[in-house]
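As a plain string of letters, each chain reads:
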Amino acid sequence: YKAHPNTVNNSIIPSNMIAQYEGNANDRPPKTPLQQQAIELFHAHQFLSCEKLSLLELSQMKLNLRQPLPKTTPRKNYLGINTNNAIEDTIAMATTYELLGDCANRAERFLCAVEYYRQAVTLVHDYHYTRSPRRTTRSADDGVTSSWEATLRVKECQALSQTGSIIEAASILERC
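Residues numbered from 1 in each chain as written. Predicted model: local features only at pLDDT ≥ 70, side-chain atom pairs only at ≥ 80, totals over all residues. Heavy atoms only, no water.

A few words on the overall build of the protein. Counting its secondary structure elements, the protein contains seven helices and two strands. In sequence order, the protein lays out its α and β elements as α-α-α-β-β-α-α-α-α. Counting the 176 residues in the protein, one finds 40% classified as buried. Across the protein, contacts joining residues at least 24 apart in sequence account for 54% of those joining residues at least 6 apart. Element-wise, carbon and sulfur atoms account for 53% of the exposed surface of the protein, whose accessible area totals about 10,100 Å². (Helix = DSSP H or I, 4+ residues; strand = E, 2+ residues; numbered from the N terminus. Buried < 20%, exposed > 50% of the residue type's maximum accessible area, 1.4 Å probe, protein only. Contact = heavy atoms within 4.5 Å. Areas by Shrake-Rupley, 256 points an atom, 1.4 Å probe, with all protein chains shown as cover.)

What follows deals with the packing of aromatic side chains. Following the criterion strictly, the structure yields two aromatic pairs and no others. Relative to Tyr116, the ring of Tyr97 has its centre 6.3 Å away and its plane inclined at 35°; by these criteria the two rings are tilted. Placement of Tyr97 in helix α4 (residues 86–106) and of Tyr116 in helix α5 (residues 110–131) is noted, with a sequence separation of 19 residues between them. Grouping residues by exposure puts Tyr97 and Tyr116 together as buried. (Phe/Tyr/Trp six-rings, centres within 6.5 Å; stacked < 30°, edge-to-face > 60°.)

Shown next, in the form of structure tokens:
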């Protein structure tokens, strides 16, 4: 059996639809198997299933971060690789929050989508901020740190505009 050239991992989802979650390789971490499955569910318009799977993934990630380990014992990150770096572990949650925001947006739960996007923006901004050697202080007025963060801000503003918060959406876009 040979997969169709326009599919991803032998799924029926075209690769260009999955590309929305790939972005620049420097911006986004690799996807976990559950995230990849959730993305396929999202593109198959199975938004409730995608949301439940993403919530499961998020709870597993948070549980892994909360487990107290001695400093000498490495923690397995979201891909099963030993690490002691909590920043690297938390960036994977941003993809999950983005998926949750997209599901809420499609289900027309716009306020919920805004909150998920804001969680993702915070994680992405902090991640790229801490990796940048030229920044010495962090303020709320910092611009976007990556194309991924810009994409999340646009999604947040689209959801805000659906709630009628046009001025707040415009304000966020002006700060980018």
